[in-house]
Amino acid sequence: MRTFSALLSLLPLAIAAANPLATSSATFQVHELRAAAPSEFTEIGPASPETTLSLRLALAQNDANGLVDAVYRVSDPDSPSYGQYLSKDEVEAFVAPQSASVDAVNAWLRENGLNATPLSPAGDWLGIQLPVSKANDMFKANFSIFRHTATGTEAVRTLAYSLPEALQGHVDLVHPTVSFPVPFARSAASAQPENTTTYHKAVRRDLASVCANGTIPACLQELYQIPLTPAVNKENQLGVTGFFGNSAHYAWLETFLETYRPDMDPATNFSVVGIDGGSNDQDAPSVSEGELDIQYTVGLATNVPVTYYFIGVHNQDGDLDGFLDEANVLLALDQPPQVLTTSYAFSESTLSFALTDKLCQAYAQLSARGTTILYASGDSGVGCAPDNRTNFEPTFPSNCPFVTSVGGTQSFSPEEAWTGSSGGFSNYYARPSYQDSAVSSYLSKHGDVNQGRFNASGRAFPDIAAKADNFVIYEAGIFFHIQGTSAASPTVASIIALINDRLASKGRPPLGFLNPWLYKEGYKAFTDINTGNSSVRCSQNDTLRGFEAVDGWDPVTGLGTPRFDKLLDLLNL
């Protein structure tokens, strides 16, 4: 049986004894703790007793390991159940908490004068609001104010909390408590605008001519043989994750399509679903990420319905910044999008394993229902561990075994590894079996390079790659160049969405969770990238460090870049 990896253990520590539920007399056990706050934070002092906290309780799921088995049954091309994705009710049967857990938690909350609000479709997440004074008493905690040194942002957190013995095995974690808020990584546009507008005919041309002045749709179409043929199945959906401050503008998309996709109706648009108060405000200040993600999904996945899932600032999932809220919104749908691309990431160590694993489990649920989850791997090369600058730092959620991590390439004819492409090995998750052959081969030949700076037994990423340099987007009257794996992920998402359209026309299911198929068969339709390297300098006096792109899988470009025509042949389309 496959299981979710678990690195945190509960530390038994008796605090009191008597009534199993009454807070004043129950026997408590320390549930999570950390020795100190992250180095970027300074403790200011105790939080005001009257300050209201919004806490989330993650209840133990009914059969999390059974869900994992189900994911692999429907995602392994050698399985007789391949492509037979689960329904909403079937997934919820795995993750809904048992009645004993619900009863125990609700009884404890009532004992303390509280009522919970369900936050997830299966009821495995509950929300409560309470003052700091009551939280300190209920959880035997010391909630304090911590200030982020660089930004001045303050957060109320505790370095440890406890739960009554009667709740052990019923509650997986309470959040936010011992995890601290850290901004997630984003791609950034270059400062050099392209002042002239060039109109391109939508016809096939040689690679050098269409890629010479920047990465535009025609360049990607030629490089990866992406067709101009419009999709025809409206039930085939492509989701794009957006965040506050990253609006995608309808008028700018129209100009982009007029310029680079004159064969398309320039009024082709996208839908918006607001989450946590998110609104794709056309007048609010915005950076370029939203334009990039929408222009290179609507503009590449011709006529595939695109939905922009726009996350606001009123997050219900604390330090996960709306990622889990988005997953819960999608899980509540009878039919979630068949593809979801996200161009944001955290450093793995900034969040506890217990918290990151909850989001990873949500992605397992979506995978079981047939959704392809794509994440940009990040733009920081091998990364710099905050507690040890000589060690490499993986990114999250690319470390989750149930997502497909997309690294970056640069140049063309040939492509080579993009220097910023994040990749490496997780310190939280063990290497999944679908990677064993490809990653073991890499380590046997190249594992001595950078040895000791990464966890060779961890989940390896990225899985695949796509072009990440010199993307041209339109914004506020100017064509800009932008770079990052946040450009690579929408590109791959568009290719998968168009493949899913062809599958739907044949009455076949979508590709779903890609990785078992990728490492077993799908890699044959990818171009191996074996030149270039990732590169990062972790301090002013530090030497450049990174991984090399080599034959076969590598921690810069994964299995390589996709070819649409080869995917069609491999899938008998």
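Before reading on, note that the structure itself is shown above.
Residues numbered from 1 in each chain as written. Predicted model: local features only at pLDDT ≥ 70, side-chain atom pairs only at ≥ 80, totals over all residues. Heavy atoms only, no water.

Side note on the side chain of Ser486
Alright, step 1. Locating Ser486 in the fold gives a position in helix α12 (residues 485-505).
Alright, step 2. Residue classification places Ser486 among the buried residues on the basis of a relative accessible area of 1%.
Alright, step 3. Polar contacts involving the side chain of Ser486 include one to the side chain of Glu289, which spans 3.2 Å. (Helix = DSSP H or I, 4+ residues; strand = E, 2+ residues; numbered from the N terminus. Buried < 20%, exposed > 50% of the residue type's maximum accessible area, 1.4 Å probe, protein only. Polar contact = N/O pair within 3.5 Å; in protein donor to acceptor, adjacent residues only side chain to side chain.)

Digging into the nonpolar core
Alright, step 1. Ranked by size, the top nonpolar core spans 154 residues in total, and within it Leu130, Phe139, Ile294, Tyr296, Tyr363, Phe402 and Phe425 carry the most contacts.
Alright, step 2. Leave out the neighbours within four places in its chain, and Leu130 touches Thr51, Thr52, Leu53, Leu55, Leu114, Ala135, Met138 and Phe139. (Core = buried A, V, L, I, M, F, W, Y, C linked by side-chain atoms within 4.5 Å. Contact = heavy atoms within 4.5 Å.)

Let's talk about the sheet that holds strand β3 (residues 52-59)
Alright, step 1. Taken together, four strands build an open sheet; the order of strands is β4-β5-β3-β9 and the sheet is antiparallel. Strands with a single pairing partner mark the edges of an open sheet, and in this sheet they are β4 (117-118) and β9 (171-175).
Alright, step 2. As defined by bridge partners, β3 adjoins strand β5 (residues 125-131) across seven bridges and the pair is classed as antiparallel. Counterpart to Thr52 in the pairing with β5 is Pro131.
Alright, step 3. Running over the sheet, helix α10 (residues 353-368) touches β3, β5 and β9 and is turned about 105° from β9. (Pairing = 2+ DSSP bridges. Axes fitted to C-alpha atoms, helices over the stretch in contact; angles between N-to-C directions.)

With respect to the sheet that holds strand β7 (residues 154-157)
Adjacent strands of a sheet pair through backbone hydrogen bonds, lying either parallel or antiparallel.
Alright, step 1. Sheet architecture is open: three strands sit in the order β2-β6-β7, paired in antiparallel fashion. Strands at the two margins of the open sheet, each flanked by one partner only, are β2 (41-46) and β7. The average angle at which neighbouring strand axes cross in this sheet is 30°, direction not considered.

Considerations on the pattern of salt bridges
Alright, step 1. Within the structure shown, the criterion is met by 12 salt bridges.
Alright, step 2. Across the pair Arg261 and Asp263 runs a salt bridge, and its minimum N-O distance is 2.8 Å.
Alright, step 3. According to the relative accessible area criterion, Arg261 is buried, its value standing at 0%.
Alright, step 4. Residue Asp263 is classed as partly exposed on the basis of its relative accessible area of 40%.
Alright, step 5. Of the charged contacts in the structure, one is a salt bridge between Arg459 and Asp463, with a shortest N-O distance of 2.9 Å.
Alright, step 6. A relative accessible area of 0% means that Asp463 is categorised as buried.
Alright, step 7. Look at the salt bridges and you will find they share partners, linking Asp76, Asp78 and Lys520 into a network. (Salt bridge = Lys/Arg side-chain N within 4 Å of Asp/Glu carboxyl O.)

Section: empty space enclosed by the protein
Alright, step 1. On inspection of all chains with the given rule, the structure shows six cavities of 30 Å³ or more.
Alright, step 2. If you go around the largest cavity, you meet 18 residues; those closest to its centre are Val95, Asp124, Asn328, Leu331 and Gln365.
Alright, step 3. If you list the elements that add at least two residues to the lining of the largest cavity, you get α2 (88-95), α9 (323-331) and α10. (1 Å grid on protein atoms, 1.4 Å probe; cavity = no way out; pocket = protein on both sides within 12 Å on 5 of 7 lines; lining within 4 Å. Points joined across faces, edges and corners; volume = space filled by probe spheres on them.)

What to know about the pairing of strand β11 (residues 238-243)
Alright, step 1. Judged by how many residues are buried, β11 sits mostly within the fold: six of six residues are covered.
Alright, step 2. Going residue by residue along β11, you find Leu238, Val240 and Gly242 tucked away on one face and Gly239, Thr241 and Phe243 tucked away on the opposite face as well.
Alright, step 3. Where β11 and strand β14 (residues 339-342) come together, three bridges link them in parallel fashion. Directly across from Gly239, in β14, lies its bridge partner Leu340.
Alright, step 4. When β11 meets strand β13 (residues 306-311), the two strands line up parallel, connected through six bridges. Opposite Phe243, over in β13, you have Ile311 as the bridge partner.

Here we look at the state of the cysteines
Alright, step 1. In total, this model carries three disulfides according to the counting rule given.
Alright, step 2. A sulfur-sulfur separation of 2.0 Å characterises the disulfide bridge that pairs Cys211 with Cys219. The sign of the 100° torsion about the S-S bond sets the Cys211-Cys219 disulfide as right-handed.
Alright, step 3. The buried category is assigned to Cys219, whose relative accessible area is 0%.
Alright, step 4. A disulfide bridge connects Cys360 with Cys400, and the sulfur atoms are separated by 2.1 Å. Of note, the bridge from Cys360 to Cys400 carries an S-S torsion of about 80° and is right-handed in sense. Within this pair, whereas Cys360 is found in helix α10, its partner Cys400 is found in the loop between β17 (395-396) and β18 (404-410), the two being separated by 40 residues in sequence. We note that Cys360, like Cys400, is buried.
Alright, step 5. Sequence-ordered numbering of the bonded cysteines in the chain gives a disulfide pattern of 1-2, 3-5, 4-6. (Disulfide = S-S within 2.5 Å.)

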